[in-house]
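Results of the structural survey
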Amino acid sequence: CAGVAPRKYLPVVSEEQRQSYEEDFSAEFEEYRRLHAQVEAVVRKFSKLQQQWNLLSPASRGYEVKEVKPGEVVPELF
């Protein structure tokens with residue numbers, strides 16, 4: 001079919017191959033879980049900031065949005 005990515009793995013035909021696939025999955029899954037936890041922490045922080053921002057009056061100084069360059073770390077966010 002057009003647009004279908006090639007399969008990374010061939011059908012399992014041996015116990016060694018099954019074990020290899022399982023090890024690959026486990027290694028990649030742990031990395032996925034670690035990265036997912038990091039993303040979730042950032043999402044929670046931004047949700048909290050959004051809630052705080054929604055409580056501010058548009059005329060207040062705290063309502064102003066600070067421009068941040070990509071890659072710049074804003075200490076008060078973390």
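Residues numbered from 1 in each chain as written. Predicted model: local features only at pLDDT ≥ 70, side-chain atom pairs only at ≥ 80, totals over all residues. Heavy atoms only, no water.

Note the cut-off: UniProt positions are given in the numbering used here, feature names are shortened, and annotations may be inferred rather than shown by experiment.
Per an unreviewed UniProt entry, the chain carries the name ELL2 factor and comes from Indicator maculatus. According to the UniProt record, the Sequence similarities (unreviewed entry) comment for the chain reads "Belongs to the ELL/occludin family."

Examining the pattern of salt bridges
For clarity, the cut-off: What makes a salt bridge here is a side-chain nitrogen of Lys or Arg within 4 Å of a carboxyl oxygen of Asp or Glu, nothing more. A run of H or I in DSSP becomes a helix once it reaches four residues, and a run of E becomes a strand once it reaches two; helices and strands are each numbered from the N terminus.
Following the criterion strictly, the structure yields 2 salt bridges and no others. We note a salt bridge from Glu15 to Arg18, for which the minimum N-O separation is 2.5 Å. Of the two residues, Glu15 and Arg18 are both situated in helix α1 (residues 15-54); the distance of 3 residues between them amounts to about one turn of the helix. The salt bridge partner of Glu22 is Arg18, with a shortest N-O separation of 2.5 Å. Here Arg18 and Glu22 lie together in helix α1, a separation of 4 residues that amounts to about one turn. One network of salt bridges, with partners in common, ties together Glu15, Arg18 and Glu22.

A few points about the packing of aromatic side chains
As a reminder of what qualifies: Stacked, tilted and edge-to-face are the three classes assigned to paired rings of Phe, Tyr and Trp, where Trp is represented by its six-membered ring and a pair needs centres within 6.5 Å; plane angles under 30 degrees give stacked, over 60 edge-to-face, the rest tilted. Buried means the residue's accessible area, taken with a 1.4 Å probe over protein chains only, is under 20% of the maximum for its type, while exposed means over 50%, and partly exposed covers the values in between.
Applying the stated rule across the entire model yields 2 aromatic pairs. Taken together, a centroid distance of 5.4 Å and an interplanar angle of 10 degrees make the contact between Phe25 and Phe29 stacked. Of this pair, Phe25 and Phe29 both sit in helix α1, separated by 4 residues, roughly a single helical turn. Note on Phe29: relative accessible area 34%, which makes it partly exposed. Ring geometry for Phe29 and Tyr32: centres 6.0 Å apart, planes at 25 degrees, overall stacked. Of this pair, Phe29 and Tyr32 both sit in helix α1, 3 residues apart, which is roughly one turn of that helix. Take Tyr32: its relative accessible area is 49%, and that puts it in the partly exposed class. In textbook terms, an aromatic cluster arises when at least three aromatic residues are bridged by ring pairs, as seen for Phe25, Phe29 and Tyr32.

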